[in-house]
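Each chain, written out:
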Amino acid sequence: MNSMRSFRSILLGLSILAPLFAISPAARALQSNAMQEGAAAEHSIQHCTVVAAVNDSGIIIGNNEDYTEPFTTVFVIPASGTEYGRVLFGFSFSDTVPGYCGGVNEKGLFTDGNGIPNTGWKEEPGKKPFSGNLESAVLAKCATVEEAIAFFEKYNVPNLQTGRWLVADKSGASVIFEWGQGKFQVLRRKGNHQIATNFVQSNYPQGQYPCARYNLAEAIFSRSNDITVDDVKKVLNDTHWED
């Protein structure tokens, strides 16, 4: 794929954020269905939807930062001698505590996460301890999905106790990192898209996922053999959540 075209697609995808959309009729029905289903993830205060999709032009990424904190913020961190420059999206919890949720770096690597119920994460022998902001660290040190995999395989990441992350690069590769079935899991994209919402996907090896937002996004993407920016916008609009 053309790298510059792919990177443009990544930047375009990043512009698709929840605050741009009013709640849709589909999302209202989604809320009602989720309450009826009683899915634990849908009852949390976190309802983020993260997607990566590929077509002949490159990769399109996007996410909803659906959260109760109103002070959404864009953080720009210049490159240093050992770290890539990066743009992160999140919340300003205070003057000194940045709430990074996800973003993209100068190499075209994207990441964003989902909050989830406690996974029972445990330290794995042979891995180094990790502390700090995970999203910023991955974007600072990694240029590709394969480098991000190596990062997670090198460190014990306690963030996996209550979170999971989709990572994508400008080549079109994407993965989800999570803790499921008692171990660290790397879920690689199958087909032309990958969706991450607030549940542990590897705990459901037979499918039949318990998240109405995931199932709605899957239904929209499955209707298209050549996913477009408009398809991604529709997914993020229709899965946008308001309490």
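Everything that follows concerns the structure shown earlier in this document.
The structure reproduced in this document is the subject of the present report. Values in this document were obtained by computation on a predicted structure and should not be read as measured data. (Residues numbered from 1 in each chain as written. Predicted model: local features only at pLDDT ≥ 70, side-chain atom pairs only at ≥ 80, totals over all residues. Heavy atoms only, no water.)

Among the residues of helix H5 (residues 145-154), those classed as buried are Val145, Ala148, Ile149, Phe151 and Phe152. Down the axis of H5, the buried set is contained in an arc of 155 degrees. They therefore lie on one face. (Buried < 20%, exposed > 50% of the residue type's maximum accessible area, 1.4 Å probe, protein only. Helix = DSSP H or I, 4+ residues; strand = E, 2+ residues; numbered from the N terminus. Arc of directions from axis to C-beta.)

Attention shifts here to unusual backbone geometry. Unlike most non-glycine residues, Gln181 shows phi in positive territory, near 55 degrees. For Gln181, the position within the fold is in the loop between strand S10 (174-180) and strand S11 (183-188). According to the relative accessible area criterion, Gln181 is exposed, its value standing at 53%. The backbone of Gln208 sits at a positive phi, close to 50 degrees, despite the residue not being glycine.

In this model, the second largest pocket occupies a volume close to 340 Å³. Taken together, 15 residues make up the lining of the second largest pocket; nearest its centre are Leu187, Arg188, Lys190, Gln201 and Tyr209. Contributing elements (two or more residues each) for the lining of the second largest pocket: S11, strand S12 (193-196) and helix H6 (212-222). Of the residues in the lining of the second largest pocket, the class split is 6 nonpolar, 5 polar and 4 charged. (1 Å grid on protein atoms, 1.4 Å probe; cavity = no way out; pocket = protein on both sides within 12 Å on 5 of 7 lines; lining within 4 Å. Points joined across faces, edges and corners; volume = space filled by probe spheres on them. Nonpolar A, V, L, I, M, F, W, Y, C, P; charged D, E, K, R; others polar.)

Let's shift gears to the pattern of salt bridges. Inspection of the entire model under this criterion finds 5 salt bridges. In this structure, the salt-bridge partner of Lys127 is Glu124, at a minimum N-O distance of 2.7 Å. Here Arg164 makes a salt bridge to Glu178, at a shortest N to O gap of 2.7 Å. Note that Arg164 is positioned in strand S9 (residues 163-168) and Glu178 in strand S10, a separation of 14 residues in sequence. Each member of the pair, Arg164 as well as Glu178, is classed as buried. (Salt bridge = Lys/Arg side-chain N within 4 Å of Asp/Glu carboxyl O.)

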